[in-house]
Amino acid sequence: DTGVSQDPRHKITKRGQNVTFRCDPISEHNRLYWYRQTLGQGPEFLTYFQNEAQLEKSRLLSDRFSAERPKGSFSTLEIQRTEQGDSAMYLCASSLAGGQTGELFFGEGSRLTVL
Amino acid sequence: DQQVKQNSPSLSVQEGRISILNCDYTNSMFDYFLWYKKYPAEGPTFLISISSIKDKNEDGRFTVFLNKSAKHLSLHIVPSQPGDSAVYFCAASVYPGNTPLVFGKGTRLSVIA
């Protein structure tokens, strides 16, 4: 399978714990995006990378959220001191910068439940 | 402030009839628009797109219409099939591939056999 993969698919944690999600993009894609989706809403942009450079991070929801893409391949999204309001689906997507369509290819998401 | 709006949370259509999903946007800088389809427990998948230099784009049963002056686009599915039942998201960007996509809240389409 050469699509975008995310791990874990589901995570249940207690309030106050830290969680980390991993995303492996399509191998030839140099852009990687993180979105969050809550019930009844569309995907909400969080941050994105081109290769290892984080081009936009002002939309991360708070300083408890951080993302990395250390070698320009896979990426991690960490949430520290989780709160119940962090419960959501975290979606990763990748694309090729300069592509004509601007299409993002999404993974299946990582669902977070904070108890 | 929502820049991309899908005002109909749900739509039911009979199999074989036309489904019309609507989307409005407020940012006049948007010039590239996409529709995504999402099944439960899956990520969104790309369906069809249109750039602002066009007013129509077709791909099989799917056609997207763009009215720039009204800041409105619509997705037509003809004929609708039960497998089309999903949530449809409208998305927009300032330049294709250059800025992150901004999504609407989605419209849940149910196609009834």
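Analysis parameters
Residues numbered from 1 in each chain as written. Chains lettered and ligands numbered in written order. Predicted model: local features only at pLDDT ≥ 70, side-chain atom pairs only at ≥ 80, totals over all residues. Heavy atoms only, no water. Helix = DSSP H or I, 4+ residues; strand = E, 2+ residues; numbered from the N terminus. Rg over C-alpha atoms; globule rule 2.2 N^0.38 Å. Buried < 20%, exposed > 50% of the residue type's maximum accessible area, 1.4 Å probe, protein only. Contact = heavy atoms within 4.5 Å. Areas by Shrake-Rupley, 256 points an atom, 1.4 Å probe, with all protein chains shown as cover. Lys, Arg positive; Asp, Glu negative; His and termini not counted. Charge placed at Lys NZ, Arg CZ, Asp CG, Glu CD. Phe/Tyr/Trp six-rings, centres within 6.5 Å; stacked < 30°, edge-to-face > 60°. Pairing = 2+ DSSP bridges. pLDDT = per-residue confidence, 0-100.

### Side note on the overall build of chain B
For chain B, the helix and strand inventory stands at zero helices and 11 strands. Here the C-alpha radius of gyration of chain B, 13 Å, is about what a compact globule of 113 residues would show, namely 13 Å. Taking the principal axes of the C-alpha coordinates as reference, chain B spans close to 40 × 30 × 20 Å. Scored against the burial criterion, the 113 residues of chain B give a buried share of 44%. At a minimum sequence separation of 6, the contacts of chain B that also span at least 24 residues come to 54%. Accessible surface for chain B amounts to roughly 5400 Å². Of this, 49% is attributable to carbon and sulfur atoms. In chain B, 11 positive and 9 negative side-chain charges are present, and the distance between their average locations comes to 4 Å.

### Topic: the packing of aromatic side chains
This structure, assessed with the given rule, holds 14 aromatic pairs over all chains. Aromatic side chains tyrosine 36 of chain B and phenylalanine 46 of chain B sit 6.0 Å apart centroid to centroid with 75° between the ring planes, which places their arrangement in the edge-to-face category. A residue pair is termed long-range when its members are at least 10 positions apart, and tyrosine 36 of chain B in strand β4 (residues 32-38) and phenylalanine 46 of chain B in strand β5 (residues 45-51) qualify at 10 residues. A residue is classified by how much of its surface remains accessible, and tyrosine 36 of chain B, at 0% relative accessible area, is buried. Joined through ring pairs, the aromatic side chains of Tyr33, Tyr35, Phe45, Tyr48 and Phe106 of chain A together with Tyr36, Phe46, Phe89 and Phe103 of chain B make up one cluster.

### Digging into the pairing of β4 of chain B
Residue and element names in this part refer to chain B. In terms of burial, β4 is largely enclosed, as seven of its seven residues are buried. Taking every second residue as pointing to the same face, both faces of β4 are buried, with Tyr32, Leu34, Tyr36 and Lys38 on one and Phe33, Trp35 and Lys37 on the other. As paired strands, β4 and β5 are joined by six bridges and run antiparallel to one another. Note that in β5 the partner of tryptophan 35 across the bridge is isoleucine 48. The antiparallel pairing of β4 with β5 creates a hairpin that spans six residues between the two strands, and alanine 41 there sits at a positive phi of about 65°. Relative to strand β9 (residues 86-93), β4 runs antiparallel, the two sharing seven bridges. Residue pairing in the sheet places tyrosine 32 in a bridge with serine 93 of β9.

### Some words on the confidence of the model for chain A
When pLDDT is averaged along chain A, the result is 92, and 97% of the positions lie at 70 or above. Averaged over each element, pLDDT in chain A is lowest for strand β6 (residues 53-56) of chain A (88) and highest for strand β3 (residues 19-24) of chain A (98).

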